[in-house]
Amino acid sequence: MRIGVVMRRSPGVTRWAKWAWKATAVLPGAGDADWKVLREEEGVTEFHAATETLWLYVSDTEAYVHELQSRQPSIYVVLRQAETETPMPLKLVHVTASPYEAQDYSDSGEDIVERVPMSPGVLAWVQDFVATHHVEEPFVKRRRDKHRDARKQSGIGDARISQQSDVFRAPGAGYKGAAE
């Protein structure tokens, strides 16, 4: 589904940031746009920044279920600082309905991930997709192998160090720090 992203530019509240940018809405089924002005009032401007395709994958249905169970199901908008000096400092990189994928993008520290509420049409589309493709997998506790070689300890420590006695022994009477 093609998703348009609405960005709001408002005056910054500090002298270091002239503008504050925020993704505020998504437009399902939107056509292509390149920072088209939608509305201007009292110094606040809303732009249709860009349109990106939202893909849903059968392998990610668990993530979609997790998102649909949240208080406010959302679309995640991934933005990146523009590499060249342009009037618009942000570039739309990706849109996703998966909170797990959004987390991966935010882990890099290079991207800005904004959470935008799903519109009713997108919400219905994601719910239908999950109802059709999601298969709940029962939790199976993994069991350890019965045969474990790691339990065998020779007591001699690292095999690369030649030593005749146990490296884990308590210091003997000949040790300078031993109690007398």
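Residues numbered from 1 in each chain as written. Predicted model: local features only at pLDDT ≥ 70, side-chain atom pairs only at ≥ 80, totals over all residues. Heavy atoms only, no water.

Asks: Just checking my understanding: could you explain unusual backbone geometry for this structure?
Replies: Excluding glycine, most residues fall at negative phi; most peptide bonds, likewise, are trans. At W35, a residue that is not glycine, the phi angle is positive and equals roughly 55 degrees. Structurally, W35 is set in the loop between β2 (19-28) and β3 (36-41). Not every positive phi belongs to a glycine, and E42 is a case in point at roughly 50 degrees. Note on placement: E42 falls in the loop between β3 and β4 (44-53). Look at E42 and you get exposed, because its relative accessible area is 80%. (Helix = DSSP H or I, 4+ residues; strand = E, 2+ residues; numbered from the N terminus. Buried < 20%, exposed > 50% of the residue type's maximum accessible area, 1.4 Å probe, protein only.)

Asks: What's the story with the side chain of T61 in this structure? I'm lost.
Replies: You can see T61 is positioned in helix α1 (residues 61-68). A distance of 2.9 Å separates the side chain of T61 from the side chain of H134, its partner in a polar contact. The contacts of T61, once residues within four sequence positions are left out, are F129, H133 and H134. (Polar contact = N/O pair within 3.5 Å; in protein donor to acceptor, adjacent residues only side chain to side chain. Contact = heavy atoms within 4.5 Å.)

Asks: Which parts of the structure should I look at to understand the packing of aromatic side chains?
Replies: Within a pair of aromatic rings, the relevant descriptors are the distance that separates the centres and the angle that separates the planes. This model, assessed by the stated rule, comprises four aromatic pairs. Note on W21 and W35: the rings are 5.5 Å apart at their centroids and 80 degrees apart in plane angle, and the pair reads as edge-to-face. Taken together, the residues W21 in strand β2 and W35 in the loop between β2 and β3 connect sequence positions 14 residues apart. Here the two residues W21 and W35 agree in accessibility, since each one is buried. Seen in terms of ring centroids, W35 and F47 are 5.6 Å apart; in terms of plane orientation they differ by 70 degrees. Their pairing is edge-to-face. Here the residue W35 occupies a position in the loop between β2 and β3, and F47 occupies one in strand β4, the gap between them amounting to twelve residues. Here F47 falls in the buried class, since its relative accessible area comes to 3%. (Phe/Tyr/Trp six-rings, centres within 6.5 Å; stacked < 30°, edge-to-face > 60°.)

Asks: Is there a simple way to think about helix α3 (residues 120-133) in this case?
Replies: Along an α-helix, a turn takes 3.6 residues, which lines up residues three or four apart on a common side. In this model, α3 (14 residues) spans 20 Å end to end at C-alpha, consistent with the 20 Å of a helix rising 1.5 Å per residue. Within α3, the full set of buried residues consists of V122, V126, F129 and V130. All buried residues of α3 fall inside an arc of 95 degrees around its axis, so they share one side. For α3, exposure combined with an orientation more than 90 degrees from the buried face picks out P120, D128, A131 and T132. (Expected span 1.5 Å × (residues − 1). Arc of directions from axis to C-beta.)

Asks: Explain the sheet that holds strand β1 (residues 2-11) here, please?
Replies: Paired through their backbone hydrogen bonds, the strands of a sheet run either parallel or antiparallel. Here we have four strands laid out as an open sheet, ordered β2-β1-β4-β3, and antiparallel in their pairing. The sheet is open, and its two borders are formed by β2 and β3, each paired with just one other strand. Taken pair by pair, the neighbouring strands of this sheet meet at an average axis angle of 25 degrees, ignoring direction. Looking at chain direction, β3 and β4 are connected through five bridges and run antiparallel. From the neighbouring strand, E41 faces β4, where its bridge partner is V44. (Pairing = 2+ DSSP bridges. Axes fitted to C-alpha atoms, helices over the stretch in contact; angles between N-to-C directions.)

Asks: Please clarify how the environment of L56 should be interpreted in this entry.
Replies: Take L56: it is sitting in the loop between β4 and α1. Residue classification places L56 among the buried residues on the basis of a relative accessible area of 12%. Note: C-alpha distance between L56 and A97 (41 residues apart in sequence) is 7.6 Å. Other than its neighbours up to four places away in sequence, L56 contacts Y64, A97, W125, V126 and F129.

From the geometry alone we can't say anything about function, so treat these as descriptive.
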